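# A structural walkthrough
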Amino acid sequence: MKDKIKIFLESDLLEKYLLGATSAIETARVERYIVMYPEVRKQFEELQENLEIYAKMHAIPTPDGLKAKIFHRIRKQDLGRRKVRRFAIAASIAAFLFAGSSYFFWNQNMNLQDENTMVNNRIQNLEADMKQQLEDVRNQFIVLNNPQTKKYLVNGNEKARELKAVAYVNPVKKLSYINVRNLPNLPEDQCYQMWAEVNGDMVNLGIIKSIEDKDKLLPLPYGKNAISYITIEPMGGNPSPTVQNIVANISY
Amino acid sequence: MPPGYFLISHPAMSILLEKHIVELLQERNEKAISLLYDHYGDTLYGVAFKVVRDEELAQDVVQESFVKIWKKSDTYDPSKAKLFTWLFRIIRNTAIDKLRSVQTKSDKEIQLDVSNVYNLGIDAIRPEFMDVRENLEKIEHKYQVVLDALFFQGMTQQEASDELDIPLGTIKSRLKIGLRELGKIYGSTLMMLILLILK
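Note that the structure is a prediction, hence the values are computed from the model and not measured.

### Things to note about the overall build of chain A
Broken down by element type, chain A carries five helices and eight strands. Going from N to C terminus, chain A has its helices and strands arranged as α-α-α-α-α-β-β-β-β-β-β-β-β. Classification of the 252 residues of chain A by burial places 21% in the buried group. Intrachain contacts of chain A at a sequence separation of at least 6 include 54% that bridge at least 24 residues.

Here's what the structure looks like:
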């Protein structure tokens, strides 16, 4: 270890380092030695002291005006730096604005895309609905126009005398429809509900909304010797028909 | 002898001053440059002149160096080197670069002749520099040549040995003895100054 320090001190690395003439690797090595070994540190301290003394011996009074020249150059340089900084600030603001507007437009584009998808879906749904409705109308037309279609007039019993309905049944096509023409008004907490008994099963056909369903043909499930009922049920419908409240029935 | 000269020469005072200047540099206060110039300007100008051997060039070197000092003030690390060492490195390297770029005097023989430099600059020397100049004369010429080659001409010990035709071992010992002599001379001057002031 001692030898290592001796060899180091005998080389001129420390002197070179003192004068700032070492390479990056040499600098790292010297700085490591200075930190690690007190002998080297002491030697370096002495070298620094002596360099300062020796340099001071060569001092020459500076010429007048040199200090002013130095300050002039330093201020000019600082001004330049400040300009660069101002430019940098302006550039960052511009970049920020650009980023902001880019995000805004990107966001808008995404929204428009979403909207576009939504509109397309709606169009497709409408198309499907339209096809479905057209199909329904065609079926209705077939049933109504078919010579084999039987037409049944339905009248309400004593509980609803004004009830008028027409049922159309085609046994060949196995299709049946009902058109409720008139329904007597009910208290607000009651409604009409349709049922069909097909092959021994009671099927709930839903609530008849008197006004809107007036001109509509409601499909009925087809079955041999089926019976359809209209009952008065509490508002909102019932899972099973209330037999004593039957106002009309159609056998077909 | 102005009282300030003694104050700055005193090691404790110069340490305080150094600390103050370093703080100002780190704050990027222009006062740092003013203080540096007032306390090290003459020495740095002398070093620059010693390397480039031309007053105009030396002034350019000092100007450029101070701009570098101001620009690089945040790179100075007081734990690694004394302030003067850092300043010396900047002025020396700037001066050597300047000399290389101008290439006015490439003949190293002339540069190594120490006495010429002082004959050139002697009129400019103020009385307060006279005693340090005397001190310089106290150092034997053979040591001076070695110190100058290493400190001002940017030579390595090997290069100095080749250039001056002195064995490497002698260069090493002259450098070490020369530096020791410096310490001795400086020490005695300081003692003398203290005695003078106390009287």
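### So, the overall build of chain B
Counting its regular elements, chain B contains eleven helices and zero strands. Counting helices and strands in the order they occur from the N terminus, chain B gives α-α-α-α-α-α-α-α-α-α-α. The buried share among the 199 residues of chain B stands at 32%. Taking all contacts inside chain B whose residues are at least 6 apart in sequence as the whole, residues at least 24 apart take part in 66%.

### A short note on the interface of chain B and chain A
Taken together, the 44 residues of chain B in the interface contact 32 residues of chain A. Elements supplying a minimum of two residues to the side of chain B that touches chain A: α3 (31-52), α4 (55-71), α5 (83-102), α8 (127-138), α9 (141-151) and α11 (168-198) of chain B. Of the residues forming the side of chain B that touches chain A, the biggest block, ten residues, is contributed by α3 of chain B. Counted by class, the side of chain B that touches chain A contains 23 nonpolar, 13 polar and eight charged residues.

### Some details on the confidence of the model for chain A
This prediction gives chain A a mean pLDDT of 84; 97% of its residues lie at or above 70. When pLDDT is averaged over each element of chain A, helix α3 (residues 24-36) of chain A comes out on top at 92 and strand β6 (residues 218-220) of chain A at the bottom at 77.

### With respect to the sheet that holds strand β1 (residues 150-155) of chain A
All names here are of chain A. On the basis of which strands lie adjacent, the open sheet formed by four strands has the order β1-β2-β3-β6 and antiparallel pairing. The sheet is open, and its two borders are formed by β1 and β6, each paired with just one other strand. If you compare each strand with its neighbour and ignore which way they point, the axes differ by 25° on average. The pairing of strand β2 (residues 164-170) with strand β3 (residues 175-182) spans seven bridges and is antiparallel. From the neighbouring strand, K164 faces β3, where its bridge partner is N182. Sheet strands touched by helix α5 (residues 66-145): β2 and β3. Its angle to β3, the strand with the most contacts, is close to 90°.

### Here's the deal with the sheet that holds strand β5 (residues 201-208) of chain A
All names here are of chain A. Spatial ordering of the open sheet is given by β5-β4-β7-β8, a layout of four strands whose pairing is antiparallel. Every interior strand has two partners, whereas the edge strands, β5 and β8 (246-251), have only one. Each adjacent strand pair in this sheet contributes to an overall mean axis angle of 25°, direction not counted. In this structure, strand β7 (residues 227-234) lies alongside β8, joined through five bridges in antiparallel fashion. Following the sheet pairing, Y229 is matched in β8 by N249.

### Side note on the packing of α4 of chain B against α5 of chain B
Residues and elements named next belong to chain B. Remark: α4 packs on α5, axes separated minimally by 9 Å, with the N-to-C direction vectors making an angle of 130°. Between α4 and α5, the angle falls in the class oblique. When you trace α4 past α5, the crossing you get is right-handed. On the side of α4, the interface is formed by L57, D60, V61, E64, S65, K68 and I69, while α5 contributes L87, I90, I91, T94, A95, K98 and V102. Among the residues forming the contact of α4 with α5, the class breakdown is eight nonpolar, two polar and four charged.

### Side note on α3 of chain B
Residues and elements named next belong to chain B. Of all the bends found along α3, the most pronounced is centred on Y40 and spans about 65°. In terms of residue burial, α3 counts as a mostly covered element, since 16 of its 22 residues are buried. Two residues or fewer past α3, R53 is found with a positive phi of approximately 60°.

### Topic: the environment of I96 of chain B
All names here are of chain B. The topology assignment puts I96 in helix α5. According to the C-beta neighbour criterion, I96 is partly exposed, with 18 such atoms within 10 Å. Here the alpha-carbon distance between I96 and Q153, two residues 57 residues apart in the chain, equals 7.7 Å. Leaving out residues up to four positions away in the same chain, I96 has contacts with V51 and G154.

### Thoughts on the nonpolar core
Residue and element names in this part refer to chain B. Of all hydrophobic cores here, the largest spans 57 residues; its most connected members are V47, A48, L87 and I91. Looking at this core element by element, the count peaks at twelve residues for α3. Residues contacting A48, with those up to four places away along its chain left out, are A58, V61, V62, I91 and A95.

Calculation notes
- Residues numbered from 1 in each chain as written.
- Chains lettered and ligands numbered in written order.
- Predicted model: local features only at pLDDT ≥ 70, side-chain atom pairs only at ≥ 80, totals over all residues.
- Helix = DSSP H or I, 4+ residues; strand = E, 2+ residues; numbered from the N terminus.
- Buried ≥ 20, exposed ≤ 12 C-beta atoms within 10 Å, placed from the backbone.
- Contact = placed C-beta atoms within 7 Å.
- Nonpolar A, V, L, I, M, F, W, Y, C, P; charged D, E, K, R; others polar.
- pLDDT = per-residue confidence, 0-100.
- Pairing = 2+ DSSP bridges.
- Axes fitted to C-alpha atoms, helices over the stretch in contact; angles between N-to-C directions.
- Parallel < 35°, antiparallel > 145°, perpendicular 65-115°, else oblique.
- Left-handed = near helix turned anticlockwise from the far one by under 90°.
- Bend = angle between axes of the 7 residues up to and from the residue.
- Core = buried A, V, L, I, M, F, W, Y, C linked by C-beta atoms within 7 Å.

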